Amino acid sequence: VSEYNMKKIAAEHATKYVQAGMKIGLGTGSTAYYAILKIGEMVRDGLSIQAVATSEASEKLAVEQGIPLIPLREVDRLDLTIDGADELDDQLRLIKGGGGALLREKITAFHSERLVIVADDTKTVTQLGAFPLPVEIVPFAYEWTIQSLTQLGCTVQIRHKPDKGFYVTDNGNYIADCKFQQIPQPEELSSRIGSLPGVVEHGLFIGMADQAIIGCQDGTVRILH
Ligand code: DER
């Protein structure tokens, strides 16, 4: 079973938790993609749910799939958010943001009863940090903010668009990809990064995921709580 299928197996398994009447947070990335496709199919088969997307890209896909979207002002709390991750450890601590959507993903996850992570088996790690930690920073004085991040013990690359110029998030900010290699104390790093002036949000999601569904090579799923 290729990685391609492992993402699909994990994502479609997570959609089993989607019940009629629920308000659903739709994640971002190539794994959450399959969950959005499956939910679209369920809606077309008559399932009534309402959804909020965590990125312009996921919003566009949801509209194409005929999934009813609701404006945030009409929702005080979501029942379930299904989203991907770039890394996850055995305590369900995550690195997210590879797709550049970490700010809206973290806000959406925070206001959800449940956050279910879907991933292929390549994402599970014993220690976070091999994947560069995405940090969303404001454009003003971004060089100073990069300097502050570097002083935390990483090398920083500001994310570029495929052609040229800086990548700009849905919220008009930049992404600093911070290579720590190893993050032995994610909680401590989370608060240190979060308190830097100029940092909007970062991709360490700690104490947020309730469950992870891991698609495995043999076509089965592993559930982490
Ligand atoms: O950007 C994000 O947070 C995505 O959810 C990312 O973490 C996972 O993307 P993938 O499913 O395409 O690997």
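Remember, it's a predicted structure, so these values are computed and weren't measured experimentally. (Residues numbered from 1 in each chain as written. Predicted model: local features only at pLDDT ≥ 70, side-chain atom pairs only at ≥ 80, totals over all residues. Heavy atoms only, no water.)

**Here we look at the nonpolar core**
Now for step 1: The biggest cluster of nonpolar side chains holds 23 residues, and the ones touching the most others in it are Val18, Ile24, Leu26, Ile39, Ile49, Ile67 and Ile82.
Now for step 2: Only helix 1 (3-14), strand 1 (23-26), helix 2 (32-44), helix 3 (56-65), strand 3 (78-83) and strand 6 (112-120) provide two or more residues apiece to this core.
Now for step 3: With six residues, helix 2 is the largest single contributor of residues to this core.
Now for step 4: Beyond its immediate chain neighbours, meaning those up to four positions away, valine 18 contacts Ile24, Ile39, Met42, Leu47, Ile49, Leu80 and Ile82.
Now for step 5: By size, the runner-up hydrophobic cluster in this structure holds 22 residues, among which are Leu133, Val135, Cys178 and Ile193. (Core = buried A, V, L, I, M, F, W, Y, C linked by side-chain atoms within 4.5 Å. Buried < 20%, exposed > 50% of the residue type's maximum accessible area, 1.4 Å probe, protein only. Helix = DSSP H or I, 4+ residues; strand = E, 2+ residues; numbered from the N terminus. Contact = heavy atoms within 4.5 Å.)

**Remarks on the site of the ligand**
Now for step 1: Taken together, 16 residues surround the ligand, and among them Ser30, Thr31, Gly99, Glu105 and Lys123 come closest.
Now for step 2: A distance of 2.9 Å is found between an oxygen atom of the ligand and a side-chain nitrogen or oxygen belonging to aspartate 86.
Now for step 3: In this structure, glycine 97 approaches the ligand through a main-chain N or O atom, which is 2.8 Å from an oxygen atom.
Now for step 4: A total of 350 Å² of accessible area belongs to the ligand in isolation, and the protein chains cover 92% of it.
Now for step 5: Within the shell around the ligand, the residues separate by chemical class into one nonpolar, nine polar and six charged. (Near = heavy atom within 4 Å. Polar contact = N/O pair within 3.5 Å; in protein donor to acceptor, adjacent residues only side chain to side chain. Areas by Shrake-Rupley, 256 points an atom, 1.4 Å probe, with all protein chains shown as cover. Nonpolar A, V, L, I, M, F, W, Y, C, P; charged D, E, K, R; others polar.)

**Quick word on the side chain of histidine 202**
Now for step 1: Residue position: histidine 202 is located in strand 10 (residues 199-202).
Now for step 2: Judged by its relative accessible area of 3%, histidine 202 falls in the buried class.
Now for step 3: A polar side-chain atom of histidine 202 sits 3.2 Å from a polar atom in the side chain of serine 190.
Now for step 4: With near-sequence residues (within four places) excluded, histidine 202 lies in contact with Leu102, Lys106, Pro134, Val135, Ser190, Ile193 and Gly194.

**Let's talk about the UniProt feature "active site" (unreviewed entry) in the protein chain**
Now for step 1: The UniProt record marks Glu105 with the feature "active site" (unreviewed entry), using the residue numbering of this structure.
Now for step 2: Tracing the backbone through its elements, the reader meets glutamate 105 in helix 4 (residues 102-110).
Now for step 3: Setting aside its immediate chain neighbours within four residues, glutamate 105 contacts Thr28, Thr54, Asp83, Lys96, Gly97 and Phe205. (UniProt positions renumbered as here; feature names shortened; annotations may be inferred.)

**Overview of unusual backbone geometry**
Now for step 1: One non-glycine residue, leucine 92, lies in positive phi territory at about 60°.
Now for step 2: Locating leucine 92 in the fold gives a position in the loop between strand 4 (87-88) and strand 5 (94-95).
Now for step 3: A positive phi angle is found at alanine 141, which is not glycine, with a value near 55°.
Now for step 4: With relative accessibility at 17%, the residue alanine 141 sits in the buried group.

**A closer look at the side chain of glutamine 65**
Now for step 1: Mapped onto the fold, glutamine 65 is located in helix 3.
Now for step 2: For glutamine 65, a relative accessible area of 15% gives the class buried.
Now for step 3: Within the structure, glutamine 65 has its side chain in polar contact with the side chain of arginine 44 (distance 3.0 Å).
Now for step 4: Sequence-distant contacts of glutamine 65, defined by excluding residues within four places in its chain, comprise Ile36, Leu37, Gly40 and Arg44.

**Section: helix 5 (residues 142-150)**
Now for step 1: Taken residue by residue, helix 5 has Tyr142, Thr145, Ile146 and Leu149 as its buried positions. Axial view of helix 5: buried residues confined to an arc of 100°, hence all on one face.
Now for step 2: Its buried side turned inward, helix 5 meets strand 7 (133-137), strand 8 (155-158), strand 9 (174-179), helix 6 (186-194) and strand 10. (Arc of directions from axis to C-beta.)

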